[in-house]
Amino acid sequence: MLDEIRINSSESQDLLGNTQVTEEDLEDRAPTSMADVFRGKSQVSTAGGAAIAQKVFVQGIEESLLSVTIDGARQNKGAFHHAGNVLLDPALLKQVDVSAGLAPADSGPGGLGGAIAYETKDADDLLAPGDNFGGFASVSISDNDDDYRGTLALYGRQHRLEYMLSSTRHTSDDYADGDGNIVEGTGAELESYLGKLAYTFENNGRLEFSASHTEDTGVRSAQRGFIRPDFGGIVGLPNQEFQAKAQRKSYSLTYSANREGEVFSPEVQLAWNEQFTDAGDGEGTNISLSGAIKNDFQLENGVVTAGLDFFDDEAKGSNQRTDRSTGDIIVNGGRETVSNIGVFAQARQNFGSRLSASYGARVDSQSFKGVDGSRFSATGVSANGALDYLLTDSLTFTAGLATTWGGYQLGEAALINFSHPWTYDGMVPSRSYSGRVGLRYELGDWDVRGALFRTDIKDLASVLPVPGGSSRAEIHEVETSGLDFSAGYTGANGYVRLNYTYADVKVDDSSAGGIDFYIGRPVGHLIGIETAWDIDDQFRLGGVAEIALKNNDTQTLGPVGGGNTGVVQENLPSYSVVNVFSEYRPRNLDNLVLRLDIRNLFDETYVRRSADGNGYYRAVALNEPGRTFALTARVEF
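Residues numbered from 1 in each chain as written. Predicted model: local features only at pLDDT ≥ 70, side-chain atom pairs only at ≥ 80, totals over all residues. Heavy atoms only, no water.

1. Topic: the overall build of the chain
- Looking only at helices and strands, one finds four helices and 38 strands in the chain.
- Relative to a compact globule of 637 residues, whose C-alpha radius of gyration would be 26 Å, the chain shows 24 Å and is just as compact.
- With the principal axes as the frame, the chain shows a C-alpha extent of 75 × 55 × 50 Å.
- Scored against the burial criterion, the 637 residues of the chain give a buried share of 56%.
- Residue pairs in contact within the chain that sit at least 24 positions apart in sequence constitute 65% of those at least 6 positions apart. (Helix = DSSP H or I, 4+ residues; strand = E, 2+ residues; numbered from the N terminus. Rg over C-alpha atoms; globule rule 2.2 N^0.38 Å. Buried < 20%, exposed > 50% of the residue type's maximum accessible area, 1.4 Å probe, protein only. Contact = heavy atoms within 4.5 Å.)

Listed below in structure tokens is the structure:
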């Protein structure tokens, strides 16, 4: 039997920048939003607000520049820059794998800044041993915003057939910040459905169909005809209220041969994903049809994963604006497409007792068509390599390098041709270069890890051309560099971990700002503290602290109107926020869990570091909720 490939271990992967949010992490956080999923993980930051507005950033790079999958199915970017990229409810999440920069070849195409892989639960994860049917109901209420959240799931197994159905409903009023001020347009109005059906054949092959539908239809703040649920407002403009809509539909069909010990045991997947945003005077839809076939080839000292994949993506939309000189309503819109086919191989091997390595490559061929009929095609090679070397029994050295060919980026669907006809002369494919080097020390239940990192993204096309005539072919260069550090203790009854990230994010040689949409956000110094402990077999206590130190590197001068020059991007203030929880599982009712959360324990008034518009002179950044008491009851049956 093959020994464990050490570079695949969670400890090695974490040092290489491949962080995992585990099932235990998710149970301790009991997330109600994507921001909750990554709390305490300093490497990953999020923008706040309602579900429609939330975005994820890895070392300051926006998720639209990462390869993002849900249960292996490719996800396209969002359709509007003031809305999020992947609308996902975390109720049935099993785990999340995040690769910062060093995305392996088998994680999919286009991972310029890395990869995020979300995995949801199926019936086998939820059924108690020996049971063929089960379910759970969960209800949560909180005091800040009359918040109500309910989830019902049913799952079972009948001979070779498995099924799971889940529904979540989340509603609330607009929340109040730490000063007691109501933050308009932040109320929850979310519905999410997830269904899975799987059949296991006599030869152990497994065919699974998955369908998910998530929708946010809340009333959102808007200015000049467009929703901006990621902002608290625009300086000098009155707030309006619009009934907005964000919707994600995903379907996937996956076959896994599961032929243990055989040379050819493939996994085949076909997936379709649609993300729609109604932003007021503009609406957009991003569609992705994708598929992959891959096989694990077993070696004496490891495994090689090889295969091919493809995607066919589309961005389409329509919008309208008022001509300021004539008062006429001008309607615009259009469609862009990009298709890709790639072949890949990734090896993961042990070389003796001290050296373990992962290395691979992929070749992608891509075709792009612009809204004006312009066509471009190109082929590129991506390669990566990483090693894990035991210097002593306690001290490990890791290092990795990667170059990723990103191809062409689709433009923003909702604003195609909005201010002027888009042009594409000189469009070129993008590429990134990443490196990471670090050390890990382990002694019993203690471990300390630290790594230096850097990712450079070159020739990144403008997803949203600047009003006034700029081209989609205008390119940007993006850089994130810094340090990840982590120290922790894991014992029989609990754990405590300190995470620290310093990331210096630059766009075109200047510090990233609060409105670098589809690119990134300024980070600076972020600290996360995670802990949870079993007091006995009934009570569990824990919490997460997030600390952002003041960022003095973001202040930028520029035109502020009227021919004047001033500060267009401010330095970012510090903040610290603490969330704590207690969980009770009665001995005589082992199917019941009662939980009390106190979020933002000290009632801090703050803006999340990666929030859209943070520090930008024309934006009123969105404050996070003040102190909130939440009570949750979950019953399994």
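Anyway, onward from the coordinates.
2. What to know about the layout of surface pockets
- Estimates place the volume of the second largest pocket at around 1900 Å³.
- If you go around the second largest pocket, you meet 48 residues; those closest to its centre are H81, L464, V466, P467 and I515.
- Secondary-structure elements contributing two or more residues to the lining of the second largest pocket are β16 (231–234), β21 (302–322), β27 (446–461), β30 (510–511) and β34 (564–569).
- Examining the composition of the lining of the second largest pocket, we find that three residues originate from one element, β21, more than from any other. (1 Å grid on protein atoms, 1.4 Å probe; cavity = no way out; pocket = protein on both sides within 12 Å on 5 of 7 lines; lining within 4 Å. Points joined across faces, edges and corners; volume = space filled by probe spheres on them.)

3. What about empty space enclosed by the protein?
- In the structure shown here, the tally under the stated rule is 13 cavities of 30 Å³ or more.
- When its volume is computed, the largest cavity comes out at roughly 730 Å³.
- Surrounding the largest cavity, 50 residues form its lining, T32, S33, G49, Q54 and H170 being those nearest its centre.
- Sorting the residues of the lining of the largest cavity by element identifies α3 (34–37), β9 (133–142), β12 (189–200), β18 (245–256), β19 (267–278), β35 (575–584) and β38 (628–636) as the ones contributing at least two each.
- Counted by class, the lining of the largest cavity contains 20 nonpolar, 21 polar and nine charged residues.
- Along its surface, the second largest cavity is lined by 26 residues, and S64, L66, R74, K77 and G110 are the ones closest to its centre.
- The set of elements that each furnish at least two residues to the lining of the second largest cavity consists of β5 (67–70), β21, β22 (329–351), β23 (355–369) and β25 (395–407).
- When the residues that make up the lining of the second largest cavity are grouped by side-chain class, the tally is eleven nonpolar, ten polar and five charged. (Nonpolar A, V, L, I, M, F, W, Y, C, P; charged D, E, K, R; others polar.)

4. Comments concerning the environment of L126
- Among the secondary structure elements, L126 is positioned in helix α4 (residues 123–126).
- Exposure remark for L126: the relative accessible area of 14% places this residue in the buried category.
- With 78 residues separating them in the primary sequence, L126 and N204 have C-alpha atoms 21 Å apart.
- Not counting the four nearest positions on each side in its chain, L126 is found in contact with L92, K121, F136, Y155 and M164.

5. A few points about the pattern of salt bridges
- Summed over the entire model, instances satisfying the criterion amount to 46 salt bridges.
- The shortest N-O distance in the salt bridge between D124 and R157 comes to 3.0 Å. Here R157 lies in strand β10 (residues 147–158) and D124 lies in helix α4, a separation of 33 residues in the sequence.
- With its nearest N and O atoms 2.8 Å apart, the salt bridge here joins D216 to R220. The same class applies to D216 and to R220, which are both buried.
- Three or more residues are tied together by salt bridges with common partners; here these are D122, D124, R157, E162, R206 and E208. (Salt bridge = Lys/Arg side-chain N within 4 Å of Asp/Glu carboxyl O.)

6. Some thoughts on the pairing of β18
- Bridge analysis of strand β13 (residues 206–216) against β18 gives eleven bridges, and the strand direction is antiparallel. Residue F209 lies in a different strand from β18, and its bridge partner there is L253.
- With twelve bridges joining them, β18 and β19 adopt antiparallel strand pairing. Directly across from L253, in β19, lies its bridge partner L270. (Pairing = 2+ DSSP bridges.)

7. So, the nonpolar core
- Ranked by size, the top nonpolar core spans 37 residues in total, and within it V37, F38, V96, I116 and Y118 carry the most contacts.
- Listing elements by their share of this core, those giving two or more residues are α3, β3 (56–58), β5, β7 (93–100), β8 (114–120), β27, β29 (494–507) and β35.
- In this structure, F38 is in contact with V21, R29, V44, T46, V56, V96, V98, Y118 and E546, ignoring residues within four places of it in sequence.
- Ranked by size, the runner-up nonpolar core spans 16 residues in total, among them V338, A378, L410 and Y424. (Core = buried A, V, L, I, M, F, W, Y, C linked by side-chain atoms within 4.5 Å.)

8. Some words on a nonpolar patch on the surface
- Residues L161, L197, Y199, F201, L207, F209, Y251, L253, L270, L289, F310 and I341 make up a contiguous nonpolar surface patch of roughly 980 Å² in combined accessible area.
- Looking at the nonpolar patch, the elements that each hand over two or more residues are β12, β13 and β18.
- Along the chain, F201 falls in the loop between β12 and β13.
- On the accessibility criterion, F201 (32% relative accessible area) is partly exposed. (Patch = residues over 30% accessible without salt bridge, like charges linked within 9 Å, V, L, I, M, F, W, Y side chains within 5 Å. Areas by Shrake-Rupley, 256 points an atom, 1.4 Å probe, with all protein chains shown as cover.)

9. Side note on the sheet that holds strand β15 (residues 226–227)
- Strand order in the open sheet made by the three strands is β15-β14-β17, with antiparallel pairing throughout. Looking at which strands have only one partner, the edges of the open sheet turn out to be β15 and β17 (240–243).
- Inspection of the sheet shows strand β14 (residues 219–223) paired to β15 by two bridges, in the antiparallel sense. Residue pairing for β15: Q223 is matched across the bridge by F226.

10. Quick word on the environment of F418
- Positionally, F418 belongs in the loop between β25 and β26 (430–443).
- Taking the C-alpha atoms as reference points, F418 and H81, separated by 337 residues in sequence, lie 13 Å from one another.
- Setting aside chain neighbours within four positions, we find F418 in contact with F226, N319, Q320, R321 and N332.

11. Here we look at the sheet that holds β8
- The sheet built from five strands is open, its strands ordered β1-β7-β8-β5-β6 with mixed pairing. The outermost strands of the open sheet, each flanked by one partner alone, are β1 (18–21) and β6 (73–74).
- With four bridges joining them, β5 and β8 adopt parallel strand pairing. Opposite I70, over in β8, you have Y118 as the bridge partner.

12. Here we look at the pairing of β8
- In terms of burial, β8 is a largely internal element, five of the seven residues being buried.
- The pairing of β7 with β8 spans seven bridges and is antiparallel. Its bridge partner being in β8, V98 is matched across the sheet by I116.

13. Considering the side chain of N273
- Locating N273 in the fold gives a position in strand β19.
- A relative accessible area of 1% places N273 in the buried class.
- Polar contacts involving the side chain of N273 include one to the side chain of S250, which spans 2.6 Å.
- If we ignore the near neighbours within four places in the chain, the residues touching N273 are R74, Q75, N76, R248, K249, S250, N286, I287 and S288. (Polar contact = N/O pair within 3.5 Å; in protein donor to acceptor, adjacent residues only side chain to side chain.)

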